[in-house]
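Next come the chains, spelled out residue by residue.
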Amino acid sequence: MILFKKADELRSYCEAKKKQGLSTGFAPTMGALHEGHISLIKACREKTDITISSIFVNPTQFNDPKDFKQYPHTIEKDIYLLEGAGCDLLFIPSVEEMYPNGIQSTQHYNLGVLETLLEGKFRPGHFQGVCQVVHRLLEIVDPTMLFLGQKDYQQCMVINELIRLTGLQTELSICPTQREADGLAMSSRNMRLSETERKQAVRIYETLSFIKQEIKPGNLLPLQEKAAQFLNDQGFKVDYVAIANQHTLEPVTEWNGHDSLVVLIAAFLHEVRLIDNILIDF
Ligand code: AMP
């Protein structure tokens, strides 16, 4: 695996590979890697000639400075895992390399309702930060395909919109959420859970599965409220339990029994904020 720290060097390398007619796949991350990230690398390897990843804990997407400060860093293990998974290139830029003009953004991305709903509402500025960093990364790497995890459902929608807004030529591939044996969605933030919290954390997935099992056409609010109440009773501080249209993310309160849905949860266990979602397809 080749390591790059400089954007210009990575850009030239990727350009040269594309000129040779090779396709490139890119899976950006914030490090503290787990099998969820590695599944993206595997998908990259299956679908493209050259697999590229990046590790950059992006300061502009953290609305909570404490969360940024406490974000786990495990770079040596990350490199080991990526090499083992067959990643070809790894980009590890500095903040200066990613933000040569400073972190104050001059560009605003018009994300419409995606920025006012759910993560957009509870994490003000988060998606502008995500767009800033992903836009810069995509301009450097210019990948044939971009691999993202369904675990961050709304982020996938935001990046899809970013690609549309900027006219960048990359095909988005969304990979399924990888879970621990008990169902908990793998996440770098799980490392910050105590042993007891780790056991509690699976209630999020259980709640999503419960909603999927119990959902019926008609008014969805009672089910949604019951689920939120259950999580609060289990020691979570719930930001939202939402049932939304899978394509627009608009809330669905009265369901016709046909539209495809996504159920999304964000909740804190002590200081750690966890998110997860489940699709309901018809
Ligand atoms: P992060 O390092 O958390 O910014 O995540 C980097 C990429 O990995 C994003 O596209 C995430 O959606 C994806 N990812 C994170 N957790 C998982 C998971 N459990 N399963 C699949 N993909 C994931």
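Remember, predicted model here, so these are calculated numbers, not experimental data.

Asks: I'm lost on the layout of surface pockets in this one. Help?
Replies: Rolled over the atoms, a probe with the dimensions of a water molecule shows which regions are left empty. Reported here for the second largest pocket is a volume of approximately 330 Å³. Together, 14 residues line the second largest pocket, and Tyr99, Asn101, Gln107, Gln132 and Arg136 are the ones closest to its centre. Here the lining of the second largest pocket gets four residues from one element, more than from any other, and that element is helix H7 (residues 126-141). The residue inventory of the lining of the second largest pocket, partitioned by class, reads four nonpolar, eight polar and two charged.

Asks: Help me understand the sheet that holds strand E1 (residues 2-4), please; the structure alone is not making it clear to me.
Replies: Strand pairing in a sheet is mediated by backbone hydrogen bonds. Such pairs are either parallel or antiparallel. Here we have six strands laid out as an open sheet, ordered E1-E4-E3-E2-E5-E6, and parallel in their pairing. The two strands at the open ends of the sheet, each matched to only one other strand, are E1 and strand E6 (171-175). Sheet twist, expressed as the average angle between the axes of neighbouring strands with direction ignored, equals 25 degrees. Contacts from helix H4 (residues 75-85) reach E1, strand E3 (50-55) and strand E4 (89-91) within the one sheet, and its direction differs from that of E3 by about 170 degrees. Where H7 meets the sheet, its contacts fall on strand E2 (24-29), E3, E4 and strand E5 (145-149), and the angle it forms with E2 comes to roughly 150 degrees.

Asks: Mind showing me how you'd approach the sheet that holds strand E8 (residues 237-245) here?
Replies: The antiparallel open sheet is built from three strands, whose spatial order is E8-E10-E11. The sheet terminates laterally at E8 and strand E11 (272-280), the two strands that pair on one side only. Between one strand and the next, the sheet's axes are offset by a mean angle of 10 degrees, whatever the strand orientation. Where E8 meets strand E10 (residues 261-269), eight bridges bridge the pair, whose relative direction is antiparallel. Among the inter-strand pairings, Ala244 is bridged to a residue of E10, identified as Val262. Seen against the sheet, helix H10 (residues 203-214) touches E8, E10 and E11 and runs at an angle of roughly 25 degrees to E11.

Asks: Explain the pairing of E2 to me, please; I cannot follow it from the model alone.
Replies: Moving residue by residue along a regular strand, the side chains alternate between the two faces of the sheet. Extensive coverage of E2 is indicated by the burial of six of its six residues. Crossover E2 to E3 through helix H2 (residues 35-47) is right-handed. Looking at chain direction, E2 and E5 are connected through two bridges and run parallel. Bridge pairing links Phe26 to Leu146 in E5.

Asks: Would you mind showing me how to read the pattern of salt bridges here?
Replies: Should the charged atoms of two oppositely charged side chains come close, the side chains can pair. According to the stated counting rule, one finds 14 salt bridges in the structure shown. Between Glu119 and Arg273 there is a salt bridge, and its shortest N-O distance comes to 2.8 Å. Within this pair, whereas Glu119 is found in helix H6 (residues 118-122), its partner Arg273 is found in strand E11, the two being separated by 154 residues in sequence. Between Arg198 and Asp182 there is a salt bridge; the shortest N-O distance is 3.0 Å. In this pair, Arg198 is assigned in helix H9 (residues 195-201) and Asp182 in the loop between E6 and H9, connecting sequence segments 16 residues apart. A residue is classified by how much of its surface remains accessible, and Asp182, at 37% relative accessible area, is partly exposed. Within this structure, Glu119, Lys237, Asp239 and Arg273 form a network of salt bridges that share partners.

Rules and cut-offs
Residues numbered from 1 in each chain as written. Predicted model: local features only at pLDDT ≥ 70, side-chain atom pairs only at ≥ 80, totals over all residues. Heavy atoms only, no water. 1 Å grid on protein atoms, 1.4 Å probe; cavity = no way out; pocket = protein on both sides within 12 Å on 5 of 7 lines; lining within 4 Å. Points joined across faces, edges and corners; volume = space filled by probe spheres on them. Helix = DSSP H or I, 4+ residues; strand = E, 2+ residues; numbered from the N terminus. Nonpolar A, V, L, I, M, F, W, Y, C, P; charged D, E, K, R; others polar. Pairing = 2+ DSSP bridges. Axes fitted to C-alpha atoms, helices over the stretch in contact; angles between N-to-C directions. Contact = heavy atoms within 4.5 Å. Buried < 20%, exposed > 50% of the residue type's maximum accessible area, 1.4 Å probe, protein only. Right-handed = clockwise from strand over helix to strand, strands pointing away. Salt bridge = Lys/Arg side-chain N within 4 Å of Asp/Glu carboxyl O.

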